[in-house]
Amino acid sequence: ETGVTQTPRHLVMGMTNKKSLKCEQHLGHNAMYWYKQSAKKPLELMFVYSLEERVENNSVPSRFSPECPNSSHLFLHLHTLQPEDSALYLCASSQEGGTGNTIYFGEGSWLTVV
Amino acid sequence: GNSVTQMEGPVTLSEEAFLTINCTYTATGYPSLFWYVQYPGEGLQLLLKATKADDKGSNKGFEATYRKETTSFHLEKGSVQVSDSAVYFCALSDQQGGSEKLVFGKGTKLTVNP
């Protein structure tokens, strides 16, 4: 069993649809993240949750809505997306405290907006 | 702000060749430094890390040394294999407000031919 699991692995949605990406971590960590990876751009941090509280929101459009119901689960709710939102969305987790803590990634959810 | 610059790819090598992927960083303070690897169709995996100056991270034959004087963390491997074909990301930790965040370079795609 991998430490961070994401579902679905692939998602195709229309611009008027509402869908959600799910992430679950089995590592006992207390921080979770959403990153976006698109072609020809560096990995972009979208949201950070620490102890289930959102501590970072990097100017992400409101059509992306995160939810962290507990320290093991993280969702990314999607609505009225644009084709340019097509990308690989990576969930990650870490244990906060100290320095240089390793961030562990899931395998990602490939999103295509048509 | 903090940033990471890594050499542009793609890099194509023959099996058993020597690999160097350059990475330099700009940061306030003393970040931890990481190399992540992304195999085709997968998420990011931690390859190695170093948390302070002069530390050497190593894993699977890869090495990188944290050089504060040159603000560099170059990735090296003495003899690459076909299975090393992947995208390699250099990253630094940016800890603000207690939350650990990674700042990534753009990635370098490595192809190793038999």
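The coordinates are above.
Our subject in this report is the structure included herewith. Remember, it's a predicted structure, so these values are computed and weren't measured experimentally.

Here is what the cut-offs are and how they apply
- Residues numbered from 1 in each chain as written.
- Chains lettered and ligands numbered in written order.
- Predicted model: local features only at pLDDT ≥ 70, side-chain atom pairs only at ≥ 80, totals over all residues.
- Heavy atoms only, no water.
- Pairing = 2+ DSSP bridges.
- Helix = DSSP H or I, 4+ residues; strand = E, 2+ residues; numbered from the N terminus.
- Axes fitted to C-alpha atoms, helices over the stretch in contact; angles between N-to-C directions.
- Contact = heavy atoms within 4.5 Å.
- Polar contact = N/O pair within 3.5 Å; in protein donor to acceptor, adjacent residues only side chain to side chain.
- Buried < 20%, exposed > 50% of the residue type's maximum accessible area, 1.4 Å probe, protein only.
- Disulfide = S-S within 2.5 Å.

What follows deals with the sheet that holds strand 9 (residues 75–77) of chain B. Residues and elements named next belong to chain B. The antiparallel open sheet is built from four strands, whose spatial order is 3-9-8-7. Among the strands making up the open sheet, the edge pair consists of strand 3 (19–21) and strand 7 (56–59). When strand polarity is set aside, the average angle formed by the axes of neighbouring strands in this sheet is 15 degrees. Strand direction decides the pairing type here: strand 7 and strand 8 (residues 62–65), joined by four bridges, are antiparallel. Bridging from a neighbouring strand, Asn-59 pairs with Phe-62 of strand 8.

Further remarks concern the environment of Lys-60 of chain B. Residue and element names in this part refer to chain B. Mapped onto the secondary structure, Lys-60 falls in the loop between strand 7 and strand 8. Sequence separation between Lys-60 and Leu-46 is 14 residues, and the spatial gap between their C-alpha atoms is 11 Å. Residues within four places of Lys-60 in sequence aside, it is in contact with Tyr-39, Gln-45, Leu-47 and Lys-77.

The next thing to look at is the side chain of Glu-96 of chain A. Of note, Glu-96 of chain A is situated in the loop between strand 9 (87–94) and strand 10 (104–105). Only 2.7 Å separates the side chain of Glu-96 of chain A from the side chain of Ser-50 of chain A, close enough to count as a polar contact.

So, about the environment of Gly-57 of chain B. All names here are of chain B. Structurally, the position occupied by Gly-57 is in strand 7. According to the relative accessible area criterion, Gly-57 is buried, its value standing at 4%. Taking the C-alpha atoms as reference, Gly-57 lies 9.6 Å from Phe-73; in sequence the two are 16 residues apart. Those residues in contact with Gly-57 that lie beyond four places of it in its chain are Leu-48, Lys-49, Ala-50, Phe-62, Glu-63 and Ala-64.

This brings us to the state of the cysteines. Applying the stated criterion to the full structure yields two disulfides over all chains. One disulfide in the model links Cys-23 of chain A with Cys-91 of chain A; its S-S distance is 1.9 Å. Measuring handedness by torsion sign, the sulfur bridge of Cys-23 of chain A and Cys-91 of chain A sits at about -75 degrees and is left-handed. Of this pair, Cys-23 of chain A sits in strand 3 (residues 18–25) while Cys-91 of chain A is found in strand 9, placing the two residues 68 residues apart along the sequence. Accessibility assignment for this pair places Cys-23 of chain A and Cys-91 of chain A in one class, buried. There is a disulfide in this structure between Cys-23 of chain B and Cys-90 of chain B, and the S-S distance comes to 1.9 Å. An S-S torsion of about -70 degrees defines the bridge between Cys-23 of chain B and Cys-90 of chain B as left-handed. Of this pair, Cys-23 of chain B sits in strand 4 (residues 23–26) while Cys-90 of chain B sits in strand 10 (residues 86–96), and the two are 67 residues apart along the sequence. With respect to class, Cys-23 of chain B is no different from Cys-90 of chain B; both count as buried. Between Cys-68 of chain A, a free cysteine, and Cys-91 of chain A, which holds the nearest cysteine sulfur, the sulfur-to-sulfur gap is 9.0 Å. Residue classification places Cys-68 of chain A among the buried positions, given a relative accessible area of 12%.

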